[in-house]
Amino acid sequence: MSSPADADLSPAAVSLRGRRPRDVPVLTRWLTDPGAAWRAWDAPYLPPGDTTANLQRYAQALASSPPNPNERVIDVGGVVIGMVNRAEEDPVGGGWWDLGILIYSAEHWGRGLGSRALALWVQATLDETDAHVLTFSTWGGNDRMIRAALRLGFREAGRVREARVVRGERFDAVRLDLLRREWPSLDGRR
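Attention in this report is confined to the structure presented alongside it. Note that the structure is predicted; figures quoted are calculated from it, not measured.

Thoughts on the overall build of the protein
Link 1 in the chain: Along its length, the protein carries four helices and seven strands.
Link 2 in the chain: Along the protein, from the amino end to the carboxyl end, the secondary structure elements read β-α-α-β-β-β-α-β-α-β-β.
Link 3 in the chain: Computed over the C-alpha atoms, the radius of gyration of the protein is 16 Å, within 12% of the 16 Å expected from 2.2 N^0.38 for a compact globule of 190 residues.
Link 4 in the chain: When its C-alpha atoms are laid out on the principal axes, the protein stretches across 45 × 40 × 30 Å.
Link 5 in the chain: Looking at the protein residue by residue over its 190 residues, the buried ones come to 45%.
Link 6 in the chain: Contacts spanning at least 24 positions in sequence make up 64% of the contacts within the protein whose residues lie at least 6 apart.
Link 7 in the chain: With an accessible surface of roughly 9900 Å², the protein has 52% of that area assigned to carbon and sulfur atoms.
Link 8 in the chain: Computed over 25 positive and 24 negative side-chain charges, the separation of the two mean positions in the protein equals 2 Å.

Pasting the structure below:
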């Protein structure tokens, strides 16, 4: 397996793939580190102890469960740098899918890798599901996530003012959406 120093870490090298057994130690390390930088951005308004416990259970489940088609690892030149996921909102079959993305290390932030992974995940979700609308849910302080979604054509669909408390400061809860017909397919298809 390539090391980060050997990898092509350009947006063009980003791919999404199913989890492999050899990915589990890397995913476990990032998911279970309570001091990981990504935790300051991904739902930091939730109690840290609960988040740690939930992520430890999730990491244990990864080792004993087959890959989930609604989750993929973000691979850049042979290096796992994060994950994407999706969940269908109730009622099932209604065509509403909520997406998520996580880039683990701050060294990979701000380089276009997350935006590329997000674009690939939108395309995969539209290709693989009956999605009519895609959403992202975040908090007002997560500017990178909001900007990435807006660049891809998502629109702000809702904002609950001052609903989240992060490090003692109040932020809005933000939801962004994209309709299938608004997505310019990555390969020119609609």
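Next comes the rest of the description.
What about the pattern of salt bridges?
Link 1 in the chain: Under the counting rule described, the total for this entry stands at nine salt bridges.
Link 2 in the chain: Where arginine 72 meets glutamate 128, a salt bridge forms, and the shortest distance between an N and an O atom there is 2.7 Å. Linking arginine 72 in strand β2 (residues 71–76) with glutamate 128 in helix α3 (residues 113–128), this pair joins segments that are 56 residues apart in sequence.
Link 3 in the chain: Two residues, glutamate 89 and arginine 175, come together in a salt bridge whose shortest N-O distance is 3.9 Å. Here arginine 175 lies in strand β7 (residues 169–179) and glutamate 89 lies in the loop between β3 (79–88) and β4 (96–103), a separation of 86 residues in the sequence.
Link 4 in the chain: By relative accessible area, glutamate 89 is classed as partly exposed at 25%.

Notes on empty space enclosed by the protein
Link 1 in the chain: Within the structure shown, the criterion is met by one cavity of 30 Å³ or more.
Link 2 in the chain: A volume near 30 Å³ is recorded for the largest cavity.
Link 3 in the chain: Lining the largest cavity are Arg19, Pro67, Asn68, Glu71, Arg72, Val73 and Met83.
Link 4 in the chain: For the lining of the largest cavity, the element with the highest residue contribution is β2, accounting for three residues.
Link 5 in the chain: Residue composition of the lining of the largest cavity, grouped by class: three nonpolar, one polar and three charged.

Remarks on the sheet that holds strand β5 (residues 133–139)
Link 1 in the chain: The sheet built from seven strands is open, its strands ordered β1-β2-β3-β4-β5-β7-β6 with mixed pairing. Only two strands of the sheet have a single neighbouring strand rather than two, namely β1 (14–17) and β6 (155–166). When the angles between neighbouring strand axes are averaged without regard to direction, this sheet yields 25°.
Link 2 in the chain: The pairing of β3 with β4 spans seven bridges and is antiparallel. Its bridge partner being in β4, methionine 83 is matched across the sheet by leucine 102.
Link 3 in the chain: Against the sheet, helix α4 (residues 143–151) contacts β4, β5, β6 and β7, and its axis sits at roughly 160° relative to β5.

A short note on the environment of arginine 86
Link 1 in the chain: Of note, arginine 86 is situated in strand β3.
Link 2 in the chain: Separated by 48 residues in sequence, arginine 86 and leucine 134 place their C-alpha atoms 9.3 Å apart.
Link 3 in the chain: A polar contact is formed between the side chain of arginine 86 and the side chain of glutamate 128, at a distance of 2.7 Å.

Conventions we followed
Residues numbered from 1 in each chain as written. Predicted model: local features only at pLDDT ≥ 70, side-chain atom pairs only at ≥ 80, totals over all residues. Heavy atoms only, no water. Helix = DSSP H or I, 4+ residues; strand = E, 2+ residues; numbered from the N terminus. Rg over C-alpha atoms; globule rule 2.2 N^0.38 Å. Buried < 20%, exposed > 50% of the residue type's maximum accessible area, 1.4 Å probe, protein only. Contact = heavy atoms within 4.5 Å. Areas by Shrake-Rupley, 256 points an atom, 1.4 Å probe, with all protein chains shown as cover. Lys, Arg positive; Asp, Glu negative; His and termini not counted. Charge placed at Lys NZ, Arg CZ, Asp CG, Glu CD. Salt bridge = Lys/Arg side-chain N within 4 Å of Asp/Glu carboxyl O. 1 Å grid on protein atoms, 1.4 Å probe; cavity = no way out; pocket = protein on both sides within 12 Å on 5 of 7 lines; lining within 4 Å. Points joined across faces, edges and corners; volume = space filled by probe spheres on them. Nonpolar A, V, L, I, M, F, W, Y, C, P; charged D, E, K, R; others polar. Pairing = 2+ DSSP bridges. Axes fitted to C-alpha atoms, helices over the stretch in contact; angles between N-to-C directions. Polar contact = N/O pair within 3.5 Å; in protein donor to acceptor, adjacent residues only side chain to side chain.

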